[in-house]
Structures are given as C-alpha cells and as structure tokens.
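# Structural description and commentary
Listed below, chain by chain, are the residues.
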Amino acid sequence: MITGAQTEIPAIALSGPNTMISRKTYSPQITPAALDKYTFNIVPDRDPVPRIDDLAENYQRIKCRSPSNKPVDCHYGRRSLCEILYTCGSEKRPVPCFCVNVYGYDEPTSVNGEAFSNFCPPE
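Described in the following lines is the structure provided in the data block.

### Examining the sheet that holds strand 1 (residues 11-14)
Within a sheet, adjacent strands bond to each other through the backbone by hydrogen bonds, running parallel or antiparallel. Sheet architecture is open: 3 strands sit in the order 1-2-3, paired in parallel fashion. Only two strands of the sheet have a single partner each, and these edge strands are strand 1 and strand 3 (59-62). Neighbouring strand axes in the sheet, compared pairwise and without regard to direction, differ in orientation by 10° on average. Lying on the sheet, helix 3 (residues 77-88) is in contact with strand 1, strand 2 (39-44) and strand 3; it crosses strand 3 at an angle near 90°.

### What about unusual backbone geometry?
Residue Pro28 is bonded to the preceding Ser27 through a cis peptide linkage, with omega at -5°. Looking at the secondary structure, you find Pro28 in the loop between strand 1 and helix 2 (32-38). Here Ser15, not a glycine, exhibits a phi torsion of approximately 65°, which is positive. With respect to the helices and strands, Ser15 occurs in the loop between strand 1 and helix 2. In this structure Ser15 comes out as buried when scored by relative accessible area, which is 2%. Although it is not a glycine, Glu91 adopts a positive phi angle of roughly 50°. Tracing the chain through its elements places Glu91 in the loop between helix 3 and helix 4 (97-101). Judged by its relative accessible area of 67%, Glu91 falls in the exposed class.

### Re the state of the cysteines
By the definition in use, this model includes 3 disulfides. In this model Cys82 forms its disulfide with Cys99; the gap between the sulfur atoms is 2.1 Å. Residues Cys82 and Cys99 are joined by a disulfide whose S-S torsion is about -90°; by sign, that bridge is left-handed. A residue pair is termed long-range when its members are at least 10 positions apart, and Cys82 in helix 3 and Cys99 in helix 4 qualify at 17 residues. Judged by relative accessible area, Cys99 falls into the buried class, the value being 0%. There is a disulfide in this structure between Cys97 and Cys120, and the S-S distance comes to 1.8 Å. In this structure, the disulfide formed by Cys97 and Cys120 twists by about -65° around the S-S bond and is classed as left-handed. In this pair, Cys97 is assigned in helix 4 and Cys120 in the segment after helix 5 (116-119), connecting sequence segments 23 residues apart.

Calculation rules
- Counting from 1, residues in each chain are numbered in the order their sequence is written.
- Thresholds applied to this predicted model are a pLDDT of at least 70 for local features of residues and 80 or more for the giving and counting of side-chain atom pairs; totals over whole chains, interfaces and linings are not thresholded and use all residues.
- Note that water and hydrogens are dropped before the side-chain values are worked out from all heavy atoms of the structure.
- Should DSSP find at least two bridges between two strands, the strands are taken to pair.
- For helices the rule is a DSSP run of H or I covering at least 4 residues; for strands it is a run of E covering at least 2, with both sets numbered from the N terminus onward.
- For helices, the axis comes from a line fit to the C-alpha atoms of the stretch in contact; other axes are also lines fit to C-alpha atoms, and the angle between any two N-to-C directions lies between 0 and 180 degrees.
- Contacts are assigned to residue pairs with any non-hydrogen atoms lying within 4.5 Å of each other.
- Throughout this description, buried means an accessible area under 20% of the type-specific maximum (1.4 Å probe, protein chains only), exposed means over 50%, and partly exposed covers the range between.
- We call a pair of cysteine sulfur atoms a disulfide whenever their separation is within 2.5 Å.

Encoded structure:
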C-alpha cells in the first residue's frame, strides 16, 4: 500500500498494515488523499496486522473463522481466500480442498452431481 500511494498506482493488500498515522515517516511522504485514492485493504476480523495503524477510506472487512484463541491465524492468506470464496461465491469454479479439509468450511454444493470427496479426499 505504501508503494501504491507513493507512485499513485492502485494497490490491493490482504491483511496489510495500514499507514494513515505512519504515512509521514516515509520518503516520499504519503498523503491521506493518495491512500484513499490508490489503496484497498482486505481486513479479516481479529487479524492483528491491519490493526497496527488506522485504515484509509477503501477497505473491506471479512470474517475470520479461526478459533478465538488464535487471532494470528486470521492473517493467513489461504484462510482469507476461503472466506472470500464462501462469502462471494466461486462462479462454479472449484473451491480449494483445503477450505473444507483444513479450515472446516462446509462442502460446496455440487454443480455436476459428483461428491466433493471424490475430488478432495479428507487429509
């Protein structure tokens, strides 16, 4: 997000540390307007990293279904990918096996009558 704001090139972060307060410590300095215009952060609930600084204007909060005593697990990109796929849909693309087998998401609804376990046996 820092580079995106400095170069005025759109940047997307997944669980990125925010830079609204610390923006003056970078060279070249970053303006709030540049952060608001050129950055977007996906922020899982309970992820400690995006809480390091204040959020800019453009962000999307997502759920984190990790155990409540493991907030650092909310920082894992694979877990966030699963949450996005299950919340927004996968447009009939297959959901990664680890979403069900590792993170405990429900098995997706079959679009062709095949069982999920035929393609993704339990690990």
